[in-house]
Amino acid sequence: LQDPSNQKCGGRKKTVSFSSMPSEKKISSANDCISFMQAGCELKKVRPNSRIYNRFFTLDTDLQALRWEPSKKDLEKAKLDISAIKEIRLGKNTETFRNNGLADQICEDCAFSILHGENYESLDLVANSADVANIWVSGLRYLVSRSKQPLDFMEGNQNTPRFMWLKTVFEAADIDGNGIMLEDTSVELIKQLNPTLKESKIRLKFKEIQKSKEKLTTRVTEEEFCEAFCELCTRPEVYFLLVQISKNKEYLDANDLMLFLEAEQGVTHITEDMCLNIIRRYELSEEGRQKGFLAIDGFTQYLLSPECDIFDPEQKKVAQDMTQPLSHYYINASHNTYLVEDQFRGPADINGYVRALKMGCRSIELDVSDGSDNEPILCNRNNVTTHVSFRSVIEVINKFAFVASEYPLILCLGNHCSLPQQKVMVQQMKKVFGNKLYTEAPLPSESYLPSPEKLKRMIIVKGKKLPSDADVLEGEVTDEDEEAEMSRRMSVDYNGEQKQIWLCRELSDLVSICKSVQYRDFELSMKSQNYWEICSFSETEASRIANEYPEDFVNYNKKFLSRIYPSAVRIDSSNLNPQDFWNCGCQIVAMNFQTPGPMMDLHTGWFLQNGGCGYVLRPSIMRDEVSYFSANTKGIVPGVSPLVLHIKIISGQNFPKPKGACAKGDVIDPYVCIEIHGIPADCSEQRTKTVQQNSDNPIFDETFEFQVNLPELAMIRFVVLDDDYIGDEFIGQYTIPFECLQPGYRHVPLRSFVGDIMEHVTLFVHIAITNRSGGGKAQKRSLSVRMGKKVREYNMLRNIGLKTIDDIFKIAVHPLREAIDMRENMQNAIVSIKELCGLPPIASLKQCLLTLSSRLITSDNTPSVSLVMKDSFPYLEPLGAIPDVQKKMLAAYDLMIQESRFLIEMADAVQEKIVQCQKAGMEFHEELHNLGAKEGLKGRKLNKATESFAWNITVLKEHGVLTWQRDGRAKEGTRA
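Residues numbered from 1 in each chain as written. Predicted model: local features only at pLDDT ≥ 70, side-chain atom pairs only at ≥ 80, totals over all residues. Heavy atoms only, no water.

- Per an unreviewed UniProt entry, the protein chain carries the name Phosphoinositide phospholipase C and comes from Propithecus coquereli.
- Under the Subcellular location (unreviewed entry) heading, UniProt states for the protein chain: "Cytoplasm". (UniProt positions renumbered as here; feature names shortened; annotations may be inferred.)

Printed below as a string of structure tokens:
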């Protein structure tokens, strides 16, 4: 192949194919593609103004940039960095192609687009053949994926223990065999071994070493190379951790790794073979892989691997019950999906749908208006000059609808079309979507919507519907124009009447289980609204309702879908806080996907769970027909045990300079903010100290605690900021649902402002989750009730005001207190033995027992106790006289076993009492209002009685489950 610098536009064209090769060479690998791209070829560059230019494209020899000529720009501007590429699309799948007047003359298979930059701009190209297009697409995709993955250095190296391995690497690079090499060669070699290191930092380290030895030459010896590598590539916090868990060795054997995974990382069912497999995959030295030990470099790579990611791998697939009614899930929703800029003047862009659907969005919006030539269009009515055809939008929707998720997709149809074009819409949707359209009439005999499982791969149309009993082909319905409606409501001339539009029967019939209706009030809705009807609320209206009627909003959302859309005053397309509405159970909170920032971070982070399928099951207290929950709860949620989240921010890796910073060098002063988002009682924020002038590996080493009252609704957002900034302080963030946290030592992959994962940019943290017991000694059972009144919080039942029902709930008071006492006594016994072992409350029971066993060894390395099984419970008995310290430990251990045994033996009976009281109470559920009326309760008093009844049922239900769970954990503890 010719040198690209000497090749001209008129040079000989090659014909290259994956399947057939008429000329020189058959493409068989990514390297072949890259070689072809480096040689270059002519491509047509398509512009939005219907112009097409012939340009000669080449790939730089260092694989870092794409260049083209001729160009009016200078050489440095007529290029595209590979690192800026976001996506490569094959075919005519960008706005430029669709709007180009000559697009019909362009072959679909010859066209491809390169999306790049933070705004996803497109470079649209046409090759002379489909074969050449495939070469460029395949080669570019390889380069982009390669740039986002750490290089694998485990192949082809002569690996020995760390120093010997480095010695072998050095000798391999020392071509002349003189035992020295050029500094440039050494720098490049270290950068190959650790791509995250900056060249300037490596050179500075060599200068320091050479200066310390008073050397004048810049050539590097083998010893200096090994010294520089070890100093640059050893993370002290990881080294200390390795030494700690390996019991002061500088490597981990399979047993060390097994204990680390079980006791620290919370991995269950781990075996020695699994640990040896990890060692073989991550250890760099051949000797280590053969003998089964993991040294510092391999251990660091393992900790940075996806296997030690903070996100629970079980949640990377669908892990929740998908057979509940649709109204029991939060649904990933987009607002004004057709926009990629602000909603005031931003153009309509089909890429908005591609992006949203690829991100797992399950509710998208289509505002359809009349277009020319009887073709409906989507456009921003503040910018009608740019629009997309309705047909092209639904074709893209059909293509990407079930790429990220196979669960139902809701199309929120904003219909502003005339009757003739409405019929065109119907024809096009039926043709494109076919049997994916869900049009089954809802059954009046049912009470809830179908489940996501039942609606898999179905497209549901949300919109207005004509009365089913009216035998008409068309009729008037209220307008779905939300923004116009809000404008009218804010007008001084608004008289409460909604604008009417005409709707054809064909479009009405496409709407089945998402019929749009107007919200009036909760009392009317609970009486007359059908389960297949959905109300849309503006952000302002929903906020008012959430503040004034939080319990009613939660109860309403148990059965009906609610959609929340941003305020019309957000002309910059800023986002509302979705958490405010999720707290009330609102399922469809529509977000402006085109606007990055903290609110979009919360939304994106929340829907990472459950396999990113776009559906997240709500907490049971927000689903159960009889349950009590208020979003404005200030403290403990009834029936839910609070948890304590312990987060240690250990260090950071490879923090970049804030993108918007100006007039400042590359040095930053980073600090970390930890935000807890959830119900108001859980919202909190804390920050670390600032580390001065360190972006490569700042050490924070700070621990924080947060009480979380409703874990199922909580999220954690890690934010890294620059304390000495000019213009921009944002470095990176990562948002994760509480339920997706993995315990132990984890790396947090930070995302950029627009949500992209930043290569090699991480936070190193330790995560632990405990109950609220904390420290303190266990209480004796005989004193538990008396002492509990002073020191324990019992989730007391409420008085309803109806004697018959109150008498039933009074029976549950004693078993409830028994359940709380049993759990607390067992937890306190465990905390007590942890304290005696010198372990914090966050330590696992496994760690506790390991420490305890090491303390019960005599000076001649023999055990001072024996393990005796009594009635299937493990007791420890002393073998002769033992010191007082060991006596205290044995006493604490004995108490832990006693409390565990008591819980195991009594749990079923206590649980049965609680469950029976719950069932007895539920028998009065249907008659509650009639009983209240007979006792003279009405209005606010009757509502209060209903609320108290739901509170009591919630408490009994949750405590019954918790007692059973604690029983299981106690059994697991005795097995350990």
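**Some details on the overall build of the protein chain**
Point 1. A tally of helices and strands in the protein chain yields 29 helices and 34 strands.
Point 2. Considering the protein chain as a whole, with its 976 residues, one finds that 53% of them fall into the buried category.
Point 3. Look at the contacts in the protein chain between residues 6 or more apart in sequence, and 68% of them connect residues 24 or more apart.
Point 4. If you sum the accessible surface of the protein chain, you get close to 44500 Å²; carbon and sulfur atoms cover 50% of it. (Helix = DSSP H or I, 4+ residues; strand = E, 2+ residues; numbered from the N terminus. Buried < 20%, exposed > 50% of the residue type's maximum accessible area, 1.4 Å probe, protein only. Contact = heavy atoms within 4.5 Å. Areas by Shrake-Rupley, 256 points an atom, 1.4 Å probe, with all protein chains shown as cover.)

**As for the pattern of salt bridges**
Point 1. Using the criterion set out here, one finds 39 salt bridges in the structure.
Point 2. In this structure, lysine 648 engages aspartate 701 in a salt bridge whose closest nitrogen and oxygen atoms are separated by 3.1 Å. With lysine 648 in strand β25 (residues 643–653) and aspartate 701 in strand β28 (residues 699–708), this residue pair connects regions lying 53 residues apart in the sequence.
Point 3. Note on lysine 648: relative accessible area 29%, which makes it partly exposed.
Point 4. Of the charged contacts, one joins arginine 687 and aspartate 723 as a salt bridge, the two residues approaching to 3.9 Å between their closest N and O atoms. With arginine 687 in strand β27 (residues 684–687) and aspartate 723 in the loop between β29 (715–722) and β30 (730–737), this residue pair connects regions lying 36 residues apart in the sequence.
Point 5. Of the residues examined, aspartate 723 reaches a relative accessible area of 40% and is grouped as partly exposed.
Point 6. One salt-bridge network, in which partners are shared between bridges, spans Glu183, Asp184, Glu199, Arg203 and Lys207. (Salt bridge = Lys/Arg side-chain N within 4 Å of Asp/Glu carboxyl O.)

**Let's talk about the pairing of strand β22 (residues 561–565)**
Consecutive side chains along a regular strand alternate between the two faces of the sheet.
Point 1. Burial runs high along β22: five of the five residues are buried.
Point 2. Both strand β21 (residues 533–538) and β22 contribute to a ladder of five bridges, which runs parallel. From the neighbouring strand, phenylalanine 537 faces β22, where its bridge partner is isoleucine 564.
Point 3. Pairing between β22 and strand β23 (residues 588–591): two bridges, direction parallel. (Pairing = 2+ DSSP bridges.)

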